[in-house]
Amino acid sequence: MLEELLRELQLLLKGMVKEQAKTHRKAWEGHEEEEESIEGNPQAGSHRRVEAAFHCRTRENISINQRAWQELRLYYMPEREGMFHRGSGLNLTSGQYTAPIAGYYTFTARLHIVRREQRRKGQPCRGNRLRVLICVQSHCQQNSNLETVSWLESGGDLFTISVSGVLYLQAGQYASVFVDNAAGSPLTIQSGSDFSAILLGV
């Protein structure tokens, strides 16, 4: 009787040892797979996923009358290297980007512009100022905004004006690009001008 009990106890212990070894082996294999994954992609373990970002371009030429203030609309997302889009909130038709989460966003607008009328010889160059702004909720005078100013000297040539910086947006607030043409002649924003943003952090 005692021998049978000892035999059963030995068999039970063997089974427990085997099961424990099997569990340890699975855990080790999983650890090795994780290490291989990190070794194959070192950035996976050290970089966080970008939650919100976009890069779009104006779909067509946009006319800005003299002494006019205008919000830029009608963008598109080209399928080419260097373009990106992550998350929601971008309205390509209205040109407004609504923040999906609250945080600090870095914005950039780069506009290619042509003056449609040459300034006549001897005509004084007064007030030929062009402002490009990225504003929150379309209230450029009331909220924080990004702004750059250019003084126009000669007409007819293509030139580029850029504005960039960081804005804090609450979830649901939007940002968009405005042009303030204080010059004495109309302008054309060329198709392919850029508007982009990336969420930096919360």
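Computed from a predicted structure; not experimentally measured.

Quick notes on the rules
- Residues numbered from 1 in each chain as written.
- Predicted model: local features only at pLDDT ≥ 70, side-chain atom pairs only at ≥ 80, totals over all residues.
- Heavy atoms only, no water.
- Disulfide = S-S within 2.5 Å.
- Buried < 20%, exposed > 50% of the residue type's maximum accessible area, 1.4 Å probe, protein only.
- Helix = DSSP H or I, 4+ residues; strand = E, 2+ residues; numbered from the N terminus.
- Contact = heavy atoms within 4.5 Å.
- Phe/Tyr/Trp six-rings, centres within 6.5 Å; stacked < 30°, edge-to-face > 60°.
- Pairing = 2+ DSSP bridges.
- pLDDT = per-residue confidence, 0-100.
- Salt bridge = Lys/Arg side-chain N within 4 Å of Asp/Glu carboxyl O.

What follows is about the state of the cysteines. Evaluated as defined, the whole model comprises one disulfide. Paired by a disulfide, Cys135 and Cys140 hold their sulfur atoms 1.8 Å apart. The sign of the S-S torsion, about 110°, decides the handedness of the disulfide formed by Cys135 and Cys140: right-handed. The pair Cys135 / Cys140 is uniform in exposure class, with both members buried.

Quick look at the environment of Ile64 now. Topologically, Ile64 is positioned in strand E2 (residues 62-64). Sequence separation of Ile64 and Asn181 is 117 residues, and the distance between their C-alpha atoms is 7.0 Å. The residues contacting Ile64, other than those within four sequence positions of it, are Gln70, Leu72, Arg116, Val179, Asn181, Pro186, Leu187 and Ile189.

Aromatic ring pairs are reported here in terms of the distance separating the ring centres and the angle at which the planes meet. In total, this model carries nine aromatic pairs according to the counting rule given. Arranged with centres 6.4 Å apart and planes meeting at 65°, the rings of Tyr97 and Phe107 form a pair that is edge-to-face. One end of the pair, Tyr97, is in strand E7 (residues 96-98); the other, Phe107, is in strand E8 (residues 103-115), and 10 residues separate them in sequence. Taken individually, Tyr97 and Phe107 each receive the classification buried, so the pair is uniform in this respect.

Below, the discussion takes up the pairing of strand E12 (residues 174-181). The element E12 is extensively covered by neighbouring structure, given that eight of its eight residues are classed as buried. Relative to E12, strand E3 (residues 68-71) is paired through four bridges, and the arrangement is antiparallel. For Ala68, the partnering residue across the bridge sits in E12 and is Asn181. Pairing of E7 with E12, which is carried by two bridges, proceeds in the antiparallel orientation. Its bridge partner being in E12, Tyr97 is matched across the sheet by Ala175. As paired elements, strand E9 (residues 129-136) and E12 share seven bridges and run antiparallel to each other. Of the residues in E12, the one forming a bridge with Arg131 is Asp180.

What follows covers the confidence of the model for the chain. Taken as a whole, the chain shows an average pLDDT of 79; of its residues, 67% reach a score of 70 or greater. Model confidence for the chain, summarised as mean pLDDT per element, is weakest for helix H1 (residues 2-40) at 50 and strongest for E7 at 97.

Right, let's get into the pattern of salt bridges. A full pass over the atoms with the stated rule returns six salt bridges. The residue Arg57 makes a salt bridge to Asp194 at a minimum N-O spacing of 2.8 Å. Taken together, the positions of Arg57 in strand E1 (residues 53-58) and Asp194 in strand E14 (residues 194-201) put the pair 137 residues apart, joining distant regions of the chain. Given the relative accessible area of 16%, Arg57 is considered buried. On the basis of relative accessibility, which here comes to 7%, the residue Asp194 falls in the buried class. Close ionic contact of Arg110 with Asp194 constitutes a salt bridge, the shortest N to O distance being 2.9 Å. With Arg110 in strand E8 and Asp194 in strand E14, this residue pair connects regions lying 84 residues apart in the sequence. With relative accessibility at 37%, the residue Arg110 sits in the partly exposed group. Three or more residues joined by partner-sharing salt bridges are found here, namely Arg129, Arg131, Glu147 and Asp180.

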